Amino acid sequence: MQLNELLTGLELLEFRADPAREITGVSYDSRTVVPGHVFVAIDGTETDGRLYAAEAAAAGAACVVCRQAVAGVPCVVVASPRRALAVISANWFGHPARQLTVVGVTGTNGKTTSACLIRHILERALGTKTGLIGTVENRIGDDVLPARHTTPESRDLQQLLRQMADAGCTHAVMEVSSHALALDRVYGIPFAAAVFTNLTRDHLDFHRTMEDYCDAKAKLFHRCAAAVYNADDPWHERLLRGSTCRRISYGVETPADLRAGHICLGAGGVSYEAVTAEGSIPVRIGIPGRFTVYNTLGAIAVCNVLGVPPVDCAAALDTFGAVRGRMEPVAVPGGAYTVLIDYAHTPDALENVLTTVRGFAAGRVIALFGCGGDRDRTKRPRMGAIAARLADFAVVTSDNPRTEQPSDIIRDILAGMSGCDHYVAVEDRPEAIRRALTLARPGDVVVLCGKGHETYQEIGRTRHHLDEREILAAYFKEN
């Protein structure tokens, strides 16, 4: 492919390169550039890609796509290098999204489970091969690929979609983060449908305000053919403002196109009646929690948009298993008490999980949690207050401290636990897990919150191996 072909669809402000140059690939990291690559100098969170333009040129880059020209380097100047990377990547990989039915899932909580539910329904009900892009893992049919970001950078995303299309996938279900929308990682992708789960306090270190956070997610609903949204969430009106796509609502408390009635919540899962204009369908799934009602309603609604009758959706949900790190049970020798691993790392998620567990715990609820460093500090005391209110005992520890001191993060959390005497603070997370287990009595439920599917802990700028399942297994072997 020649350079001028690769740049199709871009508005170029300056062109200082050979348009007939044969291109061998696309890079946004100068360390991966080989002769013939186009290097897109995107603005990162900590540095400017233009600083590496000369390095890319020295490695043989055919040209650099950037916001401002770089002296002595063949370059193309554009208004937005991030959008340019999305367009160039789609051109390079042959617009794979056009060969797939793409579904986007966005919201603060429930994205991973909702995406897995949708994929499961599509594969069960339609017998189709479906791709999955998400926080826990990426999938091409039954093949599992590692995931580093909820939504990959646009170049990597387009490559993944190309692999899916080439492997015979007909659908792709994608978790779409607010960061991905704000940073144009999904720019230009045609979404057949998009799902909004909810919006609660998170990522305000990046978005600054809840309004900005909502507006970032709203971009998805200006790029989809159908919007499926949680009518019970008060942010849906702002989210859909100005959107002209087809709209389908779901909910429990308010009138909606798809509602849940006769809800039954238990330790073994949930059951309810899914009420549509055509009638009611019984739904059952083995994931406990009121949030499961919302996640399944959204999955049924979007799959119905894609041609799956609600009754077939319900039949598929009845066969769904667990999602790694989402209310994931861990076998305890003897079964005297219960251990669950969950990704809850926001105030709303922590409250949902602890409320759910309180609903079925025969004994006490012991909650272990922390908060991430270099992130929104305002949620720390809120989470402390929630644990103080809903847990019979709390173990406050480290999550991913990153460049902050764990003791400082814990101090912020404890500010919300004033007057609470049923907690202990243990900085070292493995030691904190062991402490929580030593406290457990028959009938208790120990909930390890915050890490979920993650098998690492970020300390400083380094990821250290930490899999809570391994810590639990070692403890049970020793005891």
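These figures come from a predicted structure and were not determined experimentally.

**Quick notes on the sheet that holds strand S15 (residues 269–276)**
In any sheet, the strands associate via hydrogen bonds between backbone groups, in a parallel or an antiparallel arrangement.
Thinking step 1. Spatially, S9-S8-S7-S10-S6-S11-S12-S13-S14-S15-S16 is the arrangement adopted by the eleven strands of the open sheet, whose pairing is mixed. At either margin of the open sheet sits one strand with a lone partner, and together these are strand S9 (143–145) and strand S16 (279–285). Recorded for the sheet is a direction-independent mean angle of 20° between the axes of neighbouring strands.
Thinking step 2. Here three bridges tie strand S11 (residues 191–196) to strand S12 (residues 226–230), and the two strands are oriented parallel to one another. Following the sheet pairing, Val195 is matched in S12 by Val228.

**Some points on the nonpolar core**
Thinking step 1. If you look at the biggest cluster of nonpolar residues, it comprises 41 residues, and the most contacted ones within it are Ile118, Ile121, Tyr272, Leu297, Val302 and Cys303.
Thinking step 2. Take this core: its biggest share by element is eight residues, from helix H10 (residues 290–305).
Thinking step 3. Listed in part, the 35 residues of the second largest apolar core include Ala97, Leu160, Cys214 and Phe221.

**Some words on the sheet that holds strand S22 (residues 445–449)**
Thinking step 1. Spatially, the six strands line up as an open sheet ordered S17-S18-S22-S19-S20-S21, and their pairing is mixed. The open sheet has two edge strands with one neighbour each: strand S17 (328–330) and strand S21 (423–425). Put simply, the sheet's adjacent strands are angled 20° from each other on average, direction ignored.
Thinking step 2. Across four bridges, the pairing between strand S19 (residues 365–369) and strand S20 (residues 393–396) is parallel.

**So, the state of the cysteines**
Thinking step 1. Evaluation of the coordinates by the stated rule reveals zero disulfides.
Thinking step 2. No disulfide involves Cys66; its sulfur sits 4.6 Å from that of Cys75, the nearest cysteine.
Thinking step 3. Residue classification places Cys66 among the buried residues on the basis of a relative accessible area of 0%.
Thinking step 4. As a non-bridged cysteine, Cys116 has Cys303 as the owner of its nearest cysteine sulfur, 12 Å distant.
Thinking step 5. A residue is classified by how much of its surface remains accessible, and Cys116, at 18% relative accessible area, is buried.

**Points about the packing of helix H13 (residues 379–390) against helix H14 (residues 406–414)**
Axes are the key here: two packed helices are described by the angle between their axes and the distance separating the axes.
Thinking step 1. In the contact formed by H13 and H14, the axes pass within 6 Å of each other and the chain directions differ by 60°. In terms of their interaxial angle, H13 and H14 are classed as oblique. Handedness of the H13/H14 crossing: right-handed. On H14, the residues that touch Arg380, Pro381 and Gly384 of H13 are Ile409, Asp412 and Ile413.

**Considerations on the pairing of strand S6 (residues 101–106)**
Thinking step 1. Counting buried positions along S6 yields five of six residues, so the element is predominantly enclosed.
Thinking step 2. One ladder, built from five bridges, connects S6 with strand S10 (residues 171–175); its direction is parallel. Bridge pairing in S10 places Gly104 opposite Met174.
Thinking step 3. Here S6 pairs with S11 via five bridges, running parallel. When the bridges of S11 are listed, Gly104 appears paired with Ala194.

Definitions and cut-offs
- Counting restarts for each chain: residues are numbered from 1 in the order of the written sequence.
- Whole-chain, interface and lining totals are the exception, using all residues; otherwise, since this is a predicted model, local features are given only for residues with pLDDT of at least 70 and side-chain atom pairs are given and counted only at 80 or more.
- Side-chain calculation: all heavy atoms of the structure are included, whereas hydrogens and water are not.
- Pairing between strands is defined by DSSP: at least two bridges between them are needed.
- Numbering of helices and strands runs from the N terminus, with a helix taken as a DSSP run of H or I at least four residues long and a strand as a DSSP run of E at least two residues long.
- Axis lines are fitted through C-alpha atoms, for helices just across the contact stretch, and the angle between N-to-C directions can take any value from 0 to 180 degrees.
- Buried residues of nine kinds, namely Ala, Val, Leu, Ile, Met, Phe, Trp, Tyr and Cys, make up a nonpolar core once their side-chain atoms join them within 4.5 Å.
- Burial status follows relative accessibility: with a 1.4 Å probe on protein chains alone, a residue under 20% of its type maximum counts as buried, one over 50% as exposed, and anything between as partly exposed.
- In this description, the term disulfide denotes a pair of cysteine sulfurs within 2.5 Å.
- Should an angle fall under 35 degrees it is taken as roughly parallel, and over 145 as roughly antiparallel, whereas 65 to 115 is taken as roughly perpendicular and any remaining angle as oblique.
- Each helix crossing is assigned a hand: it is left-handed if the near helix lies turned anticlockwise from the far helix by less than a right angle, otherwise right-handed if that turn is clockwise.
- Contacts are assigned to residue pairs with any non-hydrogen atoms lying within 4.5 Å of each other.

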